[in-house]
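# A structural walkthrough
The residues making up each chain are set out below.
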Amino acid sequence: MELASSDKAVMALIGLAVAIFVIYRIYIWLQSSPRSFIKDKLPLNKDILPHPSIDLLEEAGYEVIGGKLKIPLSFTVNGASMYSRLFIDYVASKEEDSFYLVILSRPRKTLEFTGSSLRDSLLPYLLIYPECSGVLYVNTVTSAIHEIRLGKDDGEST
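Now for a quick tour of the structure. Owing to the predicted nature of the structure, the values given are computational and were not obtained by experimental measurement. (Residues numbered from 1 in each chain as written. Predicted model: local features only at pLDDT ≥ 70, side-chain atom pairs only at ≥ 80, totals over all residues. Heavy atoms only, no water.)

## Here we look at the pairing of strand E3 (residues 80–88)
Pairing of strand E2 (residues 69–77) with E3 involves 9 bridges; the strand directions are antiparallel. The partner of serine 74 across the bridge, within E3, is tyrosine 83. In sequence, E2 turns back onto E3 through a hairpin of 2 residues, with asparagine 78 there showing a positive phi of about 50 degrees. (Pairing = 2+ DSSP bridges. Helix = DSSP H or I, 4+ residues; strand = E, 2+ residues; numbered from the N terminus.)

## Focus on the environment of phenylalanine 99
Note on placement: phenylalanine 99 falls in strand E5 (residues 98–104). Residue class for phenylalanine 99 comes out buried when judged on its relative accessible area of 2%. On a C-alpha basis, the gap between phenylalanine 99 and tyrosine 62 in space is 9.1 Å, while along the polypeptide they are 37 residues apart. (Buried < 20%, exposed > 50% of the residue type's maximum accessible area, 1.4 Å probe, protein only.)

## Here's the deal with helix H4 (residues 115–128)
Across its 14 residues, H4 extends 19 Å between first and last C-alpha, which sits within 8% of the 20 Å expected from 1.5 Å per residue. Listing the buried residues of H4 in full gives Ser117, Leu122, Tyr125 and Leu126. In the core, the buried residues of H4 are packed alongside E3, E5, strand E6 (134–139) and strand E7 (144–148). (Expected span 1.5 Å × (residues − 1). Contact = heavy atoms within 4.5 Å.)

## Things to note about the sheet that holds E7
The 5 strands are arranged E1-E4-E5-E6-E7 in an open sheet whose pairing can be described as mixed. Lying at the two open borders of the sheet, with one neighbouring strand each, are strand E1 (63–66) and E7. Pairs of neighbouring strands in the sheet enclose a mean axial angle of 35 degrees, with direction left out of account. In the packing of helix H3 (residues 52–59) onto the sheet, contacts are made with E1, strand E4 (90–95), E5, E6 and E7, and the angle to E6 comes to roughly 120 degrees. Lying over the sheet, H4 contacts E5, E6 and E7, oriented at roughly 130 degrees with respect to E6. (Axes fitted to C-alpha atoms, helices over the stretch in contact; angles between N-to-C directions.)

## What about a negative patch on the surface?
A cluster of like negative charges, contributed by Asp55, Glu58, Glu59 and Glu63, occupies part of the molecular surface. Element by element, the count of residues in the negative patch is highest for H3, at 3 residues. Within the secondary structure, glutamate 63 is located in strand E1. By relative accessible area, which is 44% here, glutamate 63 ends up partly exposed. (Patch = residues over 30% accessible without salt bridge, like charges linked within 9 Å, V, L, I, M, F, W, Y side chains within 5 Å. Areas by Shrake-Rupley, 256 points an atom, 1.4 Å probe, with all protein chains shown as cover. Salt bridge = Lys/Arg side-chain N within 4 Å of Asp/Glu carboxyl O. Lys, Arg positive; Asp, Glu negative; His and termini not counted. Charge placed at Lys NZ, Arg CZ, Asp CG, Glu CD.)

## Some thoughts on the pattern of salt bridges
Taken as a whole and assessed by the stated rule, the structure comprises 4 salt bridges. The partner of arginine 119 in a salt bridge is aspartate 120, and the shortest N-O contact between them spans 2.9 Å. Note on arginine 119: relative accessible area 47%, which makes it partly exposed. Put simply, arginine 149 and glutamate 147 hold a salt bridge, and the shortest N to O gap is 2.7 Å. Classification of glutamate 147 by relative accessible area gives partly exposed; the value is 37%. Within the structure, one salt-bridge network assembled from shared partners comprises Lys68, Asp89 and Arg106.

## Examining the nonpolar core
Ile88, Val91, Leu101, Leu122, Tyr125 and Val135 are the most contacted members of the largest nonpolar core, which has 19 residues in total. The residues touching isoleucine 88, leaving out its near neighbours within four places in the chain, are Gly67, Lys68, Leu69, Ile71, Leu101, Val102, Ile103, Tyr125 and Tyr129. Of all hydrophobic cores here, the second largest spans 12 residues; its members include Leu57, Tyr90, Ala92 and Tyr100. (Core = buried A, V, L, I, M, F, W, Y, C linked by side-chain atoms within 4.5 Å.)

## Some remarks on the environment of leucine 150
Topologically, leucine 150 is positioned in the segment after E7. Residue classification places leucine 150 among the exposed positions, given a relative accessible area of 52%. Remark: the alpha-carbon pair of leucine 150 and leucine 127, spanning 23 residues in sequence, is separated by 9.5 Å. When neighbours within four sequence positions are excluded, leucine 150 is seen to be in contact with Leu123 and Leu126.

Here it is as structure tokens:
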């Protein structure tokens, strides 16, 4: 039994449709990988300026995947607009599905490791990008990396 030319054309169209569908599904699957999810949620700056802290992060097992970011903020107070900004020095990744915002220490703006200081200094970053794994605070003077993650208090601690 031999197929007619119209049957061959229909089979070719069905095969083409299946191939397009498979390619589309592979594309969607690749776009849903954690790394592309990060790129969609967090604008990554491809220009990574050299700094000694990059070597320190790489020695600790992190991969720097983004450079300095400026996050513009706008507030309206009693009808008047006020503007400010937050800065992220780098974006780093340790595993495929985790990424960290990197904040470098500043001589005039030191971070105290108390609950209230961490809240006041780092909470805005963690609220703007809740999908991040935490903040890496790099003390450029002592060459120390502090991994800071946000957790919720169960109300039972004193």
